[in-house]
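Structural characterization, general
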Amino acid sequence: MPTVAAYTATSPTAPLTPGTVERREVGPKDVLIDIAYAGVCHSDIHTVRGDWGEVPYPLTVGHEIAGVVARVGEEVTAHKVGDRVGVGCMVDSCRECANCLAGAEQYCLRGFTDTYNGTDRDGTTTQGGYSTGIVVDEHFVLRIPDTIPFEKAAPLLCAGITTYSPLRNWNAGPGTKVAVVGLGGLGHMAVKIAHALGAEVTVLSQSLKKREDGLRFGADHYHATADPATFEQLAGAFDLIVNTVSAPIDLDAYLNLLALDGTIVSVGAPPEPVSVILFTLFENRRSFAGSKIGGIAQTQEMLDFCAEHGIAPEVEVIAADAVNDAWERVLASDVRYRFVIDTSTLGGS
């Protein structure tokens, strides 16, 4: 099996180190991608550190992948050599269940195959995008529009679709009031997309230190949640709240900010369980929901929407050997707003 250069985790606590991962041979419907950029997602850190379950080390993470098609299988029709393409959080699903057939492969009833730490078709553990190449079935390869700067394309495959999907599915648009909890890697994309959809957008952040950024990204209002007056002032104000933070929040306090039939959707995933007082849901017929990424068709829709509206994440491009420092900065909320690895710095295989 071919090998490619990679940065690899060997334990929950050890730093990532240079190494290699094996890729399968290109099958009839496969696409070989030379990876140019790989985004750094908080999920990468959660996974490696065992927050979401056991990990079969060594593991290469990364599910925000942008690159160029290097080779295609003989039955591939959707992509050709030289195309600008991307891969997000999944690389396979059954494609036969009701959810897959409805274009919601992320909710495959048999379980989709994660880009990393999943079980591939040959029984091996999938390895992610902190590497120089990957082989993926053509169905799970996305077209990156030419107008999206290549180094900014990768985070759209997770941060972009993770926020676009709930905003679209809960009908954010003109006449709706949307709040975004947190202005990090996910939150800043939620603000940009909600604004482009035509919603009135409010950022709810612990402090006002990123207020200028939030307004620049398209927020109409910005409030500090550390101020108790915020929850009094905004009671019953929002049709939709998108919670992007990966830390526990006082869910009941945020539910009280919802208008009649309003919904709070969590896309951030803290490792700890959350609790809610059911009577809080009863008032105003409120709902609490979750959402994860989007199907392949919706992900392509998101990429095309971002290209049309000039939306791209704010990124800091780093060399591969800076990834451990980048992880520490992510944990310290010291990034504005997404790290992206230049995989040319990984070297040869």
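The name an unreviewed UniProt entry assigns to the protein is alcohol dehydrogenase (NADP(+)), from the organism Nocardiopsis tropica. Under Catalytic activity (unreviewed entry), UniProt gives the following word-for-word description of the protein: "a primary alcohol + NADP(+) = an aldehyde + NADPH + H(+)". Of the protein, the UniProt comment under Cofactor (unreviewed entry) reads exactly: "Zn(2+)".

As a further point, take the pattern of salt bridges. Here the idea is simple: oppositely charged side chains can pair when their charged atoms come close. According to the stated counting rule, one finds 20 salt bridges in the structure shown. Note that Asp-137 and Arg-95 form a salt bridge whose closest N and O atoms lie 3.2 Å from each other. With a gap of 42 residues between them, Asp-137 in strand 8 (residues 133-137) and Arg-95 in the loop between strand 6 (90-92) and helix 2 (98-101) connect regions that are remote in the sequence. A residue is classified by how much of its surface remains accessible, and Asp-137, at 5% relative accessible area, is buried.

What follows concerns helix 4 (residues 159-169). Extensive coverage of helix 4 is indicated by the burial of 9 of its 11 residues. Of all the positions in helix 4, only Ala-159, Gly-160, Ile-161, Thr-162, Thr-163, Tyr-164, Ser-165, Pro-166 and Leu-167 are classed as buried. Packed against the buried residues of helix 4 are strand 10 (177-181), helix 5 (185-197), strand 13 (238-243), strand 14 (258-266), helix 10 (296-309) and strand 17 (338-342). Downstream of helix 4 by a residue or two, Asn-171 has a phi angle that is positive, lying close to 60°.

As a further point, take the sheet that holds strand 15 (residues 287-290). Pairing within the open sheet is parallel, and its 6 strands lie in the order 12-11-10-13-14-15. Only two strands of the sheet have a single partner each, and these edge strands are strand 12 (221-224) and strand 15. Strand-to-strand, the axes of this sheet are offset by a mean angle of 20°, without reference to chain direction. Summarising the sheet, strand 13 and strand 14 pair through 5 bridges and their orientation is parallel. Opposite Ile-241, over in strand 14, you have Ile-264 as the bridge partner.

Under the definition given, this model contains 0 disulfides. Between Cys-41, a cysteine without a disulfide, and Cys-158, which holds the nearest cysteine sulfur, the sulfur-to-sulfur distance is 3.8 Å. Cys-100 supplies the cysteine sulfur nearest to Cys-97, a cysteine that is in no disulfide, at a spacing of 3.7 Å. On the basis of relative accessible area, Cys-97 is assigned to the buried category, the value being 8%.

This paragraph deals with the packing of helix 4 against helix 5. Viewed as axis vectors pointing N to C, helix 4 and helix 5 meet at an angle of 45°, and their least axial separation amounts to 8 Å. With respect to helix 5, the axis of helix 4 lies oblique. With respect to the hand of their crossing, helix 4 and helix 5 are arranged in right-handed fashion. From helix 4, Ala-159, Gly-160, Thr-162, Thr-163, Tyr-164, Leu-167 and Arg-168 reach across to helix 5, where they touch Gly-185, Leu-186, Met-189, Ala-190, Ile-193, Ala-194 and Leu-197.

Our next topic: the side chain of Thr-60. The topology assignment puts Thr-60 in the loop between helix 1 (42-48) and strand 4 (65-72). A polar contact of 3.3 Å, which involves the side chain of Thr-60, links it to the backbone oxygen of Tyr-7. A polar atom in the side chain of Thr-60 sits 3.1 Å from the side chain of Thr-8. Once residues lying within four places of it in the same chain are set aside, the contact partners of Thr-60 are Ala-6, Tyr-7, Thr-8, Val-21, Tyr-116, Gln-127, Gly-128 and Tyr-130.

Once that is clear, we can look at a nonpolar patch on the surface. Among the surface-exposed residues, Ile-277, Leu-278, Phe-279 and Phe-282 lie close enough to one another that they form a single nonpolar patch of about 480 Å² accessible area. Looking at the element boundaries, Ile-277 is found in the loop between strand 14 and helix 9 (278-282).

For a regular strand, the rule is simple: side chains alternate between the two faces of the sheet. Among the 6 residues that make up strand 11 (residues 200-205), 5 are buried, leaving the element largely enclosed by the rest of the structure. Strand direction decides the pairing type here: strand 10 and strand 11, joined by 5 bridges, are parallel. When the bridges of strand 11 are listed, Ala-179 appears paired with Thr-202. Handedness of the crossover joining strand 10 and strand 11 through helix 5 is recorded here as right-handed. Both strand 11 and strand 12 contribute to a ladder of 4 bridges, which runs parallel. Across the sheet, the residue bridging to Ser-205 is Ala-224, located in strand 12.

About the criteria used
Residues numbered from 1 in each chain as written. Predicted model: local features only at pLDDT ≥ 70, side-chain atom pairs only at ≥ 80, totals over all residues. Heavy atoms only, no water. UniProt positions renumbered as here; feature names shortened; annotations may be inferred. Salt bridge = Lys/Arg side-chain N within 4 Å of Asp/Glu carboxyl O. Helix = DSSP H or I, 4+ residues; strand = E, 2+ residues; numbered from the N terminus. Buried < 20%, exposed > 50% of the residue type's maximum accessible area, 1.4 Å probe, protein only. Contact = heavy atoms within 4.5 Å. Pairing = 2+ DSSP bridges. Axes fitted to C-alpha atoms, helices over the stretch in contact; angles between N-to-C directions. Disulfide = S-S within 2.5 Å. Parallel < 35°, antiparallel > 145°, perpendicular 65-115°, else oblique. Left-handed = near helix turned anticlockwise from the far one by under 90°. Polar contact = N/O pair within 3.5 Å; in protein donor to acceptor, adjacent residues only side chain to side chain. Patch = residues over 30% accessible without salt bridge, like charges linked within 9 Å, V, L, I, M, F, W, Y side chains within 5 Å. Areas by Shrake-Rupley, 256 points an atom, 1.4 Å probe, with all protein chains shown as cover. Right-handed = clockwise from strand over helix to strand, strands pointing away.

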